[in-house]
Amino acid sequence: MSKLPQDKLLAALRANPRISTDGLLARPEWADRSTLKHAISELKGHIVSLGALDQERHALRRQLRGLTMPIPLYRVDGEGHGSQIGVLDLVYPEGSALITATNLGWPLPGESQGGWFDGLPYPLMDIRPQGFLGRHVDWQHILGFLISGNPEDWTDDELVHALVKVGHDLPGNLILGDASYQRFISANKTLLSDAELEEAYPRLAEINGGERVPIALLGGEFPKFTASRIIAGQPTDVLVKFTAADESAATQRWADLLICEHLALETLSRHLDVKASVSRVYHLAGRTFLEVGRFDRHGLSGRSATCSLGSLNAALLGVVPTTWPKVAARLCAEGWLSGEQVEQIERVWWFGRLIANSDMHEGNLSFRPGLLLAPIYDMLPMFYAPMKNGVVLERPYAPELPPSADEAVWQHSAKAATHFWQLCADDLRISQSFQKICRQNVSTLSNLRGQLA
């Protein structure tokens, strides 16, 4: 076949990304459908075509580090069995195409239903290394100096490059690329028993406080590491937050807040009928450790999918980040989220506000496929956190009154929040100065509840 039809096709796709077959046929350079079909077949290594025959659209593949080829996408199930479920293509001039053999379980808007994405598929976006661990990995050493050292600055192509090379142990259950999948298959976990924690956790804290940080990357600013444990006889993956080992006022306050997080998660489960991450507190080598079970990991190597409210908002709504209930209400109005889930989110939101959680951003609420609320995490009174310079300020607790439409859910959450503050006031692991604050908050919130009764 002459190269002329191929050259014409390449030029048309550069000028008209994601153009339909009918759109190409409408151009004067094409005489008939068979000539076009043959040109597409001849260039199939350079072209991505998606859609039914009468709605098929085409785009040029975009190179990644000099290579132009589909990238396999793998999924690991709850038993630890992995399988390839599709391929990801980067397309010209930007965006991507995802071809999957199975439904990923997440709602897809507009063109995404046909496999086309303006950026990367949003279920991959929460895998981006972020927070404390994301910034404390020497990415330029691991991935080469042609990539930014700060994951928050990565382009989509840089993120894909990272996922393909070292994306084997990131949040959720998706793995991109053969190299990362082989890392997953060959990985050997060290399972820590309770008897080993006294030595292991302080050592891991020291490692994570230095220049070398394990590549297990979850969001959040608190110093942390991940570990695999034997708990009640079962392999369990955990995320571990920890304090410094000094006796400063800031370290004491962070220790208080980690214990408060443990008590808040217990309160959510017992008094608001909301699933929350299971946690444990340890005091070892002068540090306080909060060990939180990972809800995206199961047994020795099983995994499950998660997606944050922030990624869902960006992909499905595109609204300016606001409160959890407002975004949830919009998702419900569009038919993606059930009313029952919205009610749970409202209870959690008001509980968080009433325990002085000032850090309820959209990355701190996650869902499972089907948009079912995942267990709650990162729920603590961050309003009382030390300043970045280590200063611990005295701050007045001023819980919000609800609008009239929210009075019932507010009262429900306020009762649980009162119980939380009382637990903190009675917990001897918490410093006397913060116990005093908690007792004052019990009184303040009880009085406010009485005004609305």
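Rules behind the numbers
Residues numbered from 1 in each chain as written. Predicted model: local features only at pLDDT ≥ 70, side-chain atom pairs only at ≥ 80, totals over all residues. Heavy atoms only, no water. Pairing = 2+ DSSP bridges. Helix = DSSP H or I, 4+ residues; strand = E, 2+ residues; numbered from the N terminus. pLDDT = per-residue confidence, 0-100. Contact = heavy atoms within 4.5 Å. Polar contact = N/O pair within 3.5 Å; in protein donor to acceptor, adjacent residues only side chain to side chain. Axes fitted to C-alpha atoms, helices over the stretch in contact; angles between N-to-C directions. Parallel < 35°, antiparallel > 145°, perpendicular 65-115°, else oblique. Left-handed = near helix turned anticlockwise from the far one by under 90°. Nonpolar A, V, L, I, M, F, W, Y, C, P; charged D, E, K, R; others polar. Phe/Tyr/Trp six-rings, centres within 6.5 Å; stacked < 30°, edge-to-face > 60°. Buried < 20%, exposed > 50% of the residue type's maximum accessible area, 1.4 Å probe, protein only. Lys NZ or Arg CZ within 6 Å of the ring centre and 35° of its normal. Salt bridge = Lys/Arg side-chain N within 4 Å of Asp/Glu carboxyl O. Disulfide = S-S within 2.5 Å.

(A) Broad picture of the sheet that holds strand β13 (residues 287–293). One open sheet holds the 5 strands; their spatial order is β9-β10-β11-β13-β12, and the pairing between them is mixed. Among the strands making up the open sheet, the edge pair consists of β9 (191–192) and β12 (279–284). The pairing of strand β10 (residues 224–231) with strand β11 (residues 234–242) spans 8 bridges and is classified as antiparallel. Looking across to β11, one finds that I231 is bridged to Q234.

(B) Summary view of the confidence of the model for the protein. Per-residue confidence for the protein gives a mean pLDDT of 89, with 91% of residues at or over 70. Predicted confidence in the protein is weakest over helix α4 (residues 131–135), with a mean pLDDT of 51, and strongest over β12, with 98. Here residues 210–220 is a poorly scored stretch, pLDDT under 50, and it has 35 contacts once near neighbours within four places are set aside; other chains count.

(C) Looking closely at the pairing of β12. Note that β12 and β13 share 6 bridges and pair antiparallel. Counted as the bridge partner of L284 is R287 from β13. In this structure, the hairpin formed by β12 and β13 is closed by a connection of 2 residues, where A285 is found at a positive phi of approximately 50 degrees.

(D) The side chain of R229, seen in detail. Within the element layout of this structure, R229 appears in strand β10. Within polar-contact distance, the side chain of R229 engages the backbone oxygen of L192 at 3.0 Å. Ignoring sequence-local partners within four residues, the contact set of R229 consists of L191, L192, S193, D194, L197, Y201, Q234, P235, T236, V238, Y282 and E291.

(E) Quick look at the packing of helix α10 (residues 309–317) against helix α11 (residues 324–333). Where α10 meets α11, the closest approach of the two axes is 11 Å, and the angle between their N-to-C directions is 45 degrees. With respect to α11, the element α10 is oriented oblique. Both α10 and α11 take part in a crossing whose hand is left-handed. Residue-level inspection shows L309, N313, L316 and L317 of α10 in contact with α11, the latter providing W324, V327, R330 and L331. Across the contact of α10 with α11, the residue classes tally to 6 nonpolar, 1 polar and 1 charged.

(F) Quick look at the packing of aromatic side chains. Applying the stated criterion across every chain, the model contains 16 aromatic pairs. With centroids separated by 6.2 Å and ring planes inclined at 75 degrees, the aromatic side chains of Y201 and Y282 adopt a geometry described as edge-to-face. Of this pair, Y201 sits in helix α8 (residues 197–209) while Y282 sits in strand β12, and the two are 81 residues apart along the sequence. Here Y201 matches Y282 in class, with each residue buried. Residues F225 and F242 carry aromatic rings whose centres are separated by 5.7 Å and whose planes lie at 35 degrees to one another, so their mutual orientation is tilted. Taken together, the positions of F225 in strand β10 and F242 in strand β11 put the pair 17 residues apart, joining distant regions of the chain. Classification of F242 as buried rests on a relative accessible area of 5%. A cation over a ring is seen here: R395 above F383, with NZ or CZ 5.5 Å from the ring centre.

(G) The pattern of salt bridges, seen in detail. Evaluated as defined, the whole model comprises 21 salt bridges. With a closest N to O distance of 3.1 Å, R297 and D169 form a salt bridge. Pair noted here: R297 is in strand β14 (residues 297–298) and D169 is in the loop between α6 (156–166) and β8 (174–176), with a separation of 128 residues, a long-range link. Under the relative-accessibility criterion, R297 is labelled buried at 7%. On the basis of relative accessible area, D169 is assigned to the partly exposed category, the value being 24%. It is possible to trace a salt-bridge network through shared partners that takes in D169, K189, D237, R294, D296, R297 and R303.

(H) Representation of the state of the cysteines within the structure. Considering all chains together, one arrives at 0 disulfides under this definition. C332 forms no disulfide, and the closest cysteine sulfur to it belongs to C307, at a distance of 18 Å. Using a relative accessible area of 29% as the deciding quantity, one classes C332 as partly exposed. C438 carries a free sulfur, and the closest cysteine sulfur to it, the one in C424, is 4.6 Å from it. Residue class for C438 comes out buried when judged on its relative accessible area of 0%.

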